[in-house]
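Tertiary structure, described
Spelled out from the first residue to the last, the chains are:
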Amino acid sequence: MPAAETTASPRNQDRPQTERLAESAPSASSAPSGPSGPSAPSARYLGWLFAAAIAAAAFNLRPVVTSLGPLLDQVRADLGMNPSLAGLLTAVPSLCFALFGFAAPAAARRIGPIAVITAGMGAITAGVLARSFAGGTAVFLLLTALALAGVAVSNVLLPVVIKRYFPEKVGPMIGLYSMALSAGTALAALVSVPLTDSLGGDWRYGLGVWAVLGALAVLLWLPLLFAKRERGEREGGEREGGEREGGAVAAAPARLPITRSRTAWALAGFFGLQATGAYVVMGWLPKIFQDAGIDKGTSGALLAVTMVIGVPVSFVLPNLAARRGDQRLFVVVLASCGIAGYAGLMLAPAGAPWAWAVLVGLSNCAFPLVLTMIGLRARTAGGVAQLSVFVQGVGYLASVLGLVLIGPIYQLTGEWNWPLGFLALLLVPQMLLGLRAARARHIEDEAVHPAEPVEA
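Just so you know, these numbers come straight off a predicted model, no measurement behind them. (Residues numbered from 1 in each chain as written. Predicted model: local features only at pLDDT ≥ 70, side-chain atom pairs only at ≥ 80, totals over all residues. Heavy atoms only, no water.)

Turning our eyes to something else, we now look at the overall build of the protein. Regarding its fold elements, the protein presents 19 helices and two strands. Among the 456 residues that make up the protein, the fraction classed as buried is 55%. For the protein, the share of sequence-separated contacts (at least 6 apart) that also reach a separation of at least 24 residues comes to 80%. Working note: accessible area of the protein is about 18500 Å², and carbon and sulfur atoms make up 66% of it. (Helix = DSSP H or I, 4+ residues; strand = E, 2+ residues; numbered from the N terminus. Buried < 20%, exposed > 50% of the residue type's maximum accessible area, 1.4 Å probe, protein only. Contact = heavy atoms within 4.5 Å. Areas by Shrake-Rupley, 256 points an atom, 1.4 Å probe, with all protein chains shown as cover.)

Glancing now at the confidence of the model for the protein. Of all residues in the protein, 81% attain a pLDDT of 70 or more, and the chain-wide mean is 79. Helix H14 (residues 328-347) holds the highest mean pLDDT among the elements of the protein, 96, whereas strand S1 (residues 6-7) holds the lowest, 33. Contacts of residues 1-38 to residues separated by more than four positions or lying in other chains number 100 contacts, the stretch itself having pLDDT below 50. Residue range residues 449-456 is modelled with pLDDT below 50. Its contacts to residues more than four positions away, or to other chains, number 10 contacts. (pLDDT = per-residue confidence, 0-100.)

Right, let's get into the packing of helix H6 (residues 113-131) against helix H10 (residues 211-228). Where H6 meets H10, the closest approach of the two axes is 8 Å, and the angle between their N-to-C directions is 160°. In terms of axis orientation, H6 runs roughly antiparallel to H10. Along this stretch, H6 crosses H10, giving a crossing that reads as left-handed. Counted together, Ile114, Ala115, Ile117, Thr118, Met121, Gly122, Thr125, Val128 and Leu129 of H6 and Ala211, Gly214, Ala215, Ala217, Val218, Trp221, Leu222, Leu224, Leu225 and Lys228 of H10 form the full contact between these two elements. For the contact of H6 with H10, the per-class residue count stands at 14 nonpolar, four polar and one charged. (Axes fitted to C-alpha atoms, helices over the stretch in contact; angles between N-to-C directions. Parallel < 35°, antiparallel > 145°, perpendicular 65-115°, else oblique. Left-handed = near helix turned anticlockwise from the far one by under 90°. Nonpolar A, V, L, I, M, F, W, Y, C, P; charged D, E, K, R; others polar.)

Compared with an ideal rise of 1.5 Å per residue, which puts 14 residues at 20 Å, helix H13 (residues 310-323) spans 20 Å between its outermost C-alpha atoms and is within 8% of the ideal. A maximum bend of about 25° is found in H13 at Val316, where proline Pro318 lies one to four positions downstream. (Expected span 1.5 Å × (residues − 1). Bend = angle between axes of the 7 residues up to and from the residue.)

Tallying each qualifying case throughout the model produces seven salt bridges. A salt bridge links Asp73 to Lys287, with the shortest nitrogen-to-oxygen separation between them at 3.0 Å. Taken as a pair, Asp73 in helix H4 (residues 72-79) and Lys287 in helix H11 (residues 262-291) lie far apart in primary sequence, 214 residues in all. A relative accessible area of 9% means that Lys287 is categorised as buried. Where Asp78 meets Arg204, a salt bridge forms, and the shortest distance between an N and an O atom there is 3.3 Å. Within this pair, whereas Asp78 is found in helix H4, its partner Arg204 is found in helix H9 (residues 203-208), the two being separated by 126 residues in sequence. Take Asp78: its relative accessible area is 44%, and that puts it in the partly exposed class. (Salt bridge = Lys/Arg side-chain N within 4 Å of Asp/Glu carboxyl O.)

Mapping Ala55 onto the fold places it in helix H2 (residues 40-59). When the C-alpha atoms of Ala55 and Ala217 are compared, they prove to be 8.7 Å apart, with 162 residues separating the residues in sequence. Other than its neighbours up to four places away in sequence, Ala55 contacts Leu176 and Ala180.

Before going further, it helps to spend a moment on the environment of Arg377. Looking at where Arg377 falls in the secondary structure, it is placed in the loop between helix H16 (366-376) and helix H17 (381-413). On a C-alpha basis, the gap between Arg377 and Ala438 in space is 8.5 Å, while along the polypeptide they are 61 residues apart. A polar contact is formed between the side chain of Arg377 and the side chain of Gln327, at a distance of 2.9 Å. Separated by 3.3 Å, the side chain of Arg377 and the backbone oxygen of Arg439 make a polar contact. (Polar contact = N/O pair within 3.5 Å; in protein donor to acceptor, adjacent residues only side chain to side chain.)

Applying the stated criterion to the full structure yields 11 aromatic pairs. A ring pair is formed by Phe50 and Trp221, whose centres lie 6.3 Å apart and whose planes are at 90°; its orientation type is edge-to-face. Taken together, the positions of Phe50 in helix H2 and Trp221 in helix H10 put the pair 171 residues apart, joining distant regions of the chain. Here the two residues Phe50 and Trp221 agree in accessibility, since each one is buried. Ring plane angle 55° and centroid distance 6.2 Å describe the contact between Trp284 and Tyr410, whose orientation is recorded as tilted. (Phe/Tyr/Trp six-rings, centres within 6.5 Å; stacked < 30°, edge-to-face > 60°.)

What follows concerns the environment of Ala123. Structurally, Ala123 is set in helix H6. Since its relative accessible area comes to 15%, Ala123 is described here as buried. Excluding residues that lie within four positions of it along the chain, Ala123 makes contacts with Leu146, Ala147 and Gly150.

What follows is about the nonpolar core. In terms of nonpolar packing, the biggest core is built from 125 residues, with Phe50, Ile54, Phe140, Trp221, Tyr342, Leu345 and Leu369 touching the most fellow members. Each residue touching Trp221, except ones within four places of it in the same chain, is listed here: Phe50, Ala53, Ile54, Ala57, Ile114, Ile117, Thr118, Met121, Leu158 and Val161. (Core = buried A, V, L, I, M, F, W, Y, C linked by side-chain atoms within 4.5 Å.)

Okay, here's the thing in structure tokens:
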């Protein structure tokens, strides 16, 4: 998220708006019910509704992608999609996350984050349902992009809503958010094939049925939209309607020239390369196993394993990484797991498929590692926010090139050895950039002008 406006107080310089909102805005569990003050039962019910809505939204953030992987062969055959276009399909998530993720903060400032997330759930529902009726590749890609736009804005703003309305329960709510996201990712990969078979074997029903979960999320968010009645914010921190955040006029924080920081560029490269591997796995891993003679149901279960392995690791790895001065050991271990996993898929994909799935899943745990490093590489909260936008925006855009190349490489060679070798090769610069980014440095030391003091 971009660093938003901060109050004029010196102590609040470089603090993102989400922190100030967390301090000033009431939590969902303490929302006033009327002029006479808070009503404990209604506030409690509203808090439970908020928690259910957050979990439902998080659950919908990945099935758009992971439900497609096990059914990709059927979709390609029915729509006449060649491998190059299928490769473009795996690149669409990164492109949408970069472009629409940048737009989410501005939209939230105008109409409020709850309204944007509600609209995002609607876009997911409409895109997932409508693409199941697509008659051609172009329409299928456009409707998938619509769904992914909803994913992108919700992905960015759900943590903001948690910080704003659950300031005293950020940890448990982020945990709920993470578990629901991982559960949705794994479940869609696991049940897509048997669900499609139970619905008559038509991939259109197997993909379209996930719109039901999106519609459920919309139904949970609509009451919150009317209950909270958020308003957008004008420039200077003033809310529409004349209110001012925290009772003071906000001033924009000084922006760091992040492009001067080698650590920031290293983090962006590391993020982009890990995103390339992760989305290739989500889009192509079932196809790789199916081409090796493994049935569709098992290939979906293997993809689910790569997703599920990240759940416990994502809880443990950030804590371990934050305790160390640098994170180079973790960078090397995760990259080594990926190289071993891709080598196994090249040499004997059906020989030990569960082991390869676990190794590749561990390699994809570079995602929580890089998020942890983003938080450690800046001294101030405002610096972290600006660094996060730069790293994720540049990283997702950079990942598109690698994702687009996988399909043509497979189409030209007719086998998976070359694409898998390409992915294994990408882990070398990923490791090198990670080693540079993992050193105990702060971007303020590299990015600020020499005449500007560096805040402690």
